[in-house]
Amino acid sequence: MTVRVGVTGATGRMGREVIAATADHADCEVVFAVTREPEGETVDDVDIEPADDFDALVVEHEPAVVIDFTGPDSAVDYAEACADAGVAFVTGTTGFDDGQREALESASEEVAVLHAPNFARGVQALLNAVGEAVRNLPGYDVELVETHHNAKRDAPSGTANRLLSEIEANGDFNGRTHGREGEDPREEGEIGVHALRAGNVTGEHEIVLAGNHEEVRLTHRAEDRGVFAAGAVDAAVWIAGQKAGDYDFADVISE
Ligand SMILES: NC(=O)C1=CN([C@@H]2O[C@H](COP(=O)(O)OP(=O)(O)OC[C@H]3O[C@@H](n4cnc5c(N)ncnc54)[C@H](OP(=O)(O)O)[C@@H]3O)[C@@H](O)[C@H]2O)C=CC1
Ligand SMILES: O=C(O)C1=N[C@H](C(=O)O)C[C@H](O)C1
């Protein structure tokens, strides 16, 4: 059965990729796509409509799922609208604060909600590998470096935060140090976190584990945003059949 998909942030970097990825997927179709100021634009032959009409478009087109790559405030608004309308919600948006995360969780009491800070399958493998490396190398210094394009708003990236949680869950650490300046020697057990913003880098995450006169580096490098979009569309097709709840991209790729 074809899964009917609504797309938010449709003229953004990721929104455009999602529309393209949906066209490449045999099992879904875009039934509407919105952005704040559409100005009569189309993306891959899909008409882009005003975000102010979101609620009416949901009623008119009856999507099974909405895919969102926007900003934290708007993602929460769209999640709440989907919860009211009984529509599943997949978001790759990052930069949520605690209150916004709670709002997504509340929406997941009504409908299926999947939030993933990174829809690349390789990042799921990296999460597993990092946990194992940290468990196997107790006492090693751990530093994380992420690099993104110069228009990214949030730092550290959502993926970096997820990796940091995984690192902390698997070892004995004393907190995170974001960058260093001046007289600031490394303290035992701290995790150094460094966010680089330059040019049009799609997204890189590297974890350095060093100690015992040796060094391990685990790196993921996204070469194209289509990787994220394809994962998000796979998640949308998967979530269309799920009951209300809070889901992760790991649930999608474990099947
Ligand atoms: N999970 C993953 O795999 C990935 C996640 N991301 C995340 O996705 C998000 C979007 O990234 P990207 O596409 O690069 O960003 P862009 O800035 O290119 O696009 C964001 C889009 O969201 C819309 N938008 C922003 N704020 C609002 C708002 N308040 N209300 C309604 N619409 C809004 C914008 O609409 P308008 O054009 O109308 O201003 C724009 O079209 C970021 O949080 C990023 O970190 C990015 C890549 C992969
Ligand atoms: O903003 C981006 O571009 C990206 N954001 C995500 C994040 O914050 O982790 C994922 C990816 O690295 C690209």
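As a convention, each chain's residues are numbered from 1 in the sequence order in which they are written. All chains are assigned letters beginning at A, and all ligands numbers beginning at 1, according to the order in which they are written. Restriction of local features to residues with pLDDT of at least 70 applies here, the model being predicted, together with a cutoff of 80 or more for giving and counting side-chain atom pairs; totals for whole chains, interfaces and linings are based on all residues. As a rule here, side-chain values come from all non-hydrogen atoms in the structure, and water together with hydrogens is ignored.

1. Some words on helix H7 (residues 226-239)
An ideal rise of 1.5 Å per residue puts 20 Å on 14 residues; H7 measures up with 20 Å between its terminal C-alpha atoms. Classification of residues uses two cut-offs on accessible area relative to the type maximum, computed with a 1.4 Å probe and protein chains only: under 20% is buried, over 50% is exposed, and between them is partly exposed. Helix and strand definitions here come from DSSP, where helices need a minimum of 4 consecutive H or I residues and strands a minimum of 2 consecutive E residues; each element is numbered from the N-terminal end. Considered for burial, the residues of H7 that qualify are Phe 228, Ala 229, Gly 231, Ala 232, Val 233, Ala 235, Ala 236, Trp 238 and Ile 239. The span expected for a helix works out to 1.5 Å for each residue beyond the first.

2. As for the UniProt feature "domain: Dihydrodipicolinate reductase N-terminal" (unreviewed entry) in the protein
UniProt positions are given in the numbering used here, feature names are shortened, and annotations may be inferred rather than shown by experiment. Mapped onto this numbering, the UniProt entry annotates "domain: Dihydrodipicolinate reductase N-terminal" (unreviewed entry) at residues 3-119. For residues 3-119, helix accounts for 38% and strand for 27%, while the C-alpha atoms at its two ends are 19 Å apart.

3. Side note on the pairing of strand S5 (residues 65-68)
The two faces of a sheet get side chains in turn, since along a regular strand they alternate between them. Residue alternation in S5 divides its side chains into two sets, Val 65 and Ile 67 and Val 66 and Asp 68, and both sets are buried. In this scheme, strands are said to pair when DSSP sees at least two bridges between them. Of the strand pairs in this sheet, strand S1 (residues 3-7) and S5 are connected by three bridges, and their pairing is parallel. Bridge pairing links Val 5 to Val 65 in S5. Look down the strands so they point away from you; if going from the first strand over the helix to the second traces a clockwise path, that crossover is right-handed. Once the chain exits S5 it traverses helix H3 (residues 72-85) before rejoining the sheet at strand S6 (residues 88-91), and the crossover so formed is right-handed.

4. Points about the layout of surface pockets
Only protein atoms enter the 1 Å grid used here, on which a cavity is any set of points holding a 1.4 Å probe that cannot leave and a pocket is any open set flanked by protein within 12 Å on both sides along at least five of seven lines; residues with an atom within 4 Å of a point are listed as lining. Grid points are joined across faces, edges and corners, and a volume is the space filled by probe spheres set on the points. One number sums up the size of the largest pocket: a volume of about 1000 Å³. If you go around the largest pocket, you meet 40 residues; those closest to its centre are Arg 13, Phe 69, Thr 70, Gly 71 and Arg 153. Among the elements of the structure, helix H1 (13-24), strand S2 (28-35), H3 and helix H6 (158-169) are those that each provide at least two residues to the lining of the largest pocket. The greatest single-element share of the lining of the largest pocket, amounting to four residues, is contributed by H3. Under the convention adopted here, Pro, Cys and the residues Ala, Val, Leu, Ile, Met, Phe, Trp and Tyr are nonpolar, Asp, Glu, Lys and Arg are charged, and Gly plus all remaining residues are polar. Here the residues of the lining of the largest pocket sort into ten nonpolar, 22 polar and eight charged.

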